[in-house]
Amino acid sequence: MRKLVINMSKENLKALINGSDIRGIAVTTEEHEANLTEVEARKIASGFLKLLKIDKNIKRTPIRIAIGYDSRITGPKLKEALTDTFTKAGVTVLDAGLATTPTIFMATQFSEFAANAGIMITTSHLPYFYNGLKFFTKEGGAEHEDMEKIVEYSESEVISTTIGEVETVDLIDLYAKDMVRKIQEGSDMKQPLEGLRIVLDAGNGAGGFFASKVLEELGADTTGSQFLDPDGHFPNHIPNPDNKEAMESIQKSVLKNDADLGIIFDTDVDRAAVVDNTGQAINRNN
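Residues numbered from 1 in each chain as written. Predicted model: local features only at pLDDT ≥ 70, side-chain atom pairs only at ≥ 80, totals over all residues. Heavy atoms only, no water.

Some details on the pairing of strand β9 (residues 198–201)
Logical step 1: By the alternation rule, side chains of β9 split into I198 and L200 and V199 and D201, which are all buried.
Logical step 2: Sheet topology note: the β9/strand β10 (residues 261–265) ladder contains four bridges and is parallel. What sits directly across from I198, in β10, is L261. (Buried < 20%, exposed > 50% of the residue type's maximum accessible area, 1.4 Å probe, protein only. Helix = DSSP H or I, 4+ residues; strand = E, 2+ residues; numbered from the N terminus. Pairing = 2+ DSSP bridges.)

Observations regarding the environment of K138
Logical step 1: Relative to the assigned elements, K138 resides in the loop between β6 (130–137) and β7 (140–141).
Logical step 2: Remark: the alpha-carbon pair of K138 and K53, spanning 85 residues in sequence, is separated by 14 Å.
Logical step 3: Aside from chain neighbours lying at most four places away, what touches K138 is F105, T108, Q109, A114, A115 and N116.
Logical step 4: Side-chain polar atoms of K138 contact the backbone oxygen of T108, separated by 2.9 Å. (Contact = heavy atoms within 4.5 Å. Polar contact = N/O pair within 3.5 Å; in protein donor to acceptor, adjacent residues only side chain to side chain.)

Considerations on the packing of helix α2 (residues 38–54) against helix α3 (residues 75–88)
Logical step 1: One way to put it is that α2 packs onto α3 with a least axis distance of 8 Å and a crossing angle of 45 degrees. In terms of their interaxial angle, α2 and α3 are classed as oblique. Here α2 runs over α3; the crossing is right-handed. Residues E38, A41, R42, A45, S46, F48 and L49 of α2 form the contact with α3, whose own contacting residues are K77, L78, A81, L82, D84, T85 and F86.
Logical step 2: Tallied by class, the residues present in the contact of α2 with α3 amount to eight nonpolar, two polar and four charged. (Axes fitted to C-alpha atoms, helices over the stretch in contact; angles between N-to-C directions. Parallel < 35°, antiparallel > 145°, perpendicular 65-115°, else oblique. Left-handed = near helix turned anticlockwise from the far one by under 90°. Nonpolar A, V, L, I, M, F, W, Y, C, P; charged D, E, K, R; others polar.)

Focus on α2
Residue pairs three or four apart in sequence face the same way in an α-helix, which turns once every 3.6 residues.
Logical step 1: Taking 1.5 Å as the rise per residue, α2 with 17 residues should run 24 Å; its terminal C-alpha atoms sit 24 Å apart, in good agreement.
Logical step 2: The complete set of buried residues in α2 reads E40, A41, I44, A45, S46, G47, F48, L49, L51 and L52. (Expected span 1.5 Å × (residues − 1).)

Points about the side chain of T87
Logical step 1: For T87, the position within the fold is in helix α3.
Logical step 2: Apart from the residues lying within four places of it in its own chain, the contact partners of T87 are V93, T162, I163, G164, E165 and V166.

A few points about the pairing of β6
Logical step 1: β6 sits mainly inside the fold: seven of its eight residues count as buried.
Logical step 2: As defined by bridge partners, strand β2 (residues 21–25) adjoins β6 across four bridges and the pair is classed as antiparallel. Among the inter-strand pairings, I25 is bridged to a residue of β6, identified as Y130.
Logical step 3: With five bridges joining them, strand β5 (residues 117–121) and β6 adopt antiparallel strand pairing. Paired with A117 across the bridge in β6 is T137.
Logical step 4: Here two bridges tie β6 to β7, and the two strands are oriented antiparallel to one another. When the bridges of β7 are listed, F136 appears paired with G141.
Logical step 5: Between β6 and the antiparallel strand that follows it, β7, lie two residues.

Read these as layout, nothing more, since geometry by itself doesn't imply function.
What follows is the structure in structure tokens.
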């Protein structure tokens, strides 16, 4: 009977694999039953840790894992489940709080944090009741075969005699400063966007900081930017550059504010679309 329970558990986790990440329903609604809860998150954490030690050959002690989440309402509780599992296994957790997918990857690149791996809690543009996990090491994002290994290792609970620590880190601030610096150096200008009005639509996701910490620092006027505050219910429109309603929203904002450019992000800011001063979409997320 015990073997049957384990196999069924693995089958349930296997159903959450979506390409190179994990996606599931994190909020039970009238139409949907949650299948990605703290229970699943703990098993996934155990599987990921074993993947790092065995398949990625990370021997560092303690292993350092950065964790962040987008604006979805279930992000904090999933983070706590991951954190609890990791710290019991002696891992140092870098708690980034609200973050973006690129910032979590950069936690493995910035020497200030020196993370061996990162987990971003997000499921891109899907409705609020979904959530998911994206995984990174210093070499880049996880692959589909890594997801299968994580599921295979998911019952391998790791307990350490040493409890790991939790460090609160400000990834977004360092990431924004690094981006501004690189653009300034590349353009050989302190404020290359001076004189331009650029409207940002963050869709109430995690990317609202780009207006003040990136665009304005580079000289842009961001008057007219909208939906910058994180709200996991996404009350204004789906944060998806491929969504017709979302694109119409940024196009209207560009025209209304006589902007030179409009930018719209998805929830975790690994996708974007750009609109010109006539309201015409330039790239539509290509």
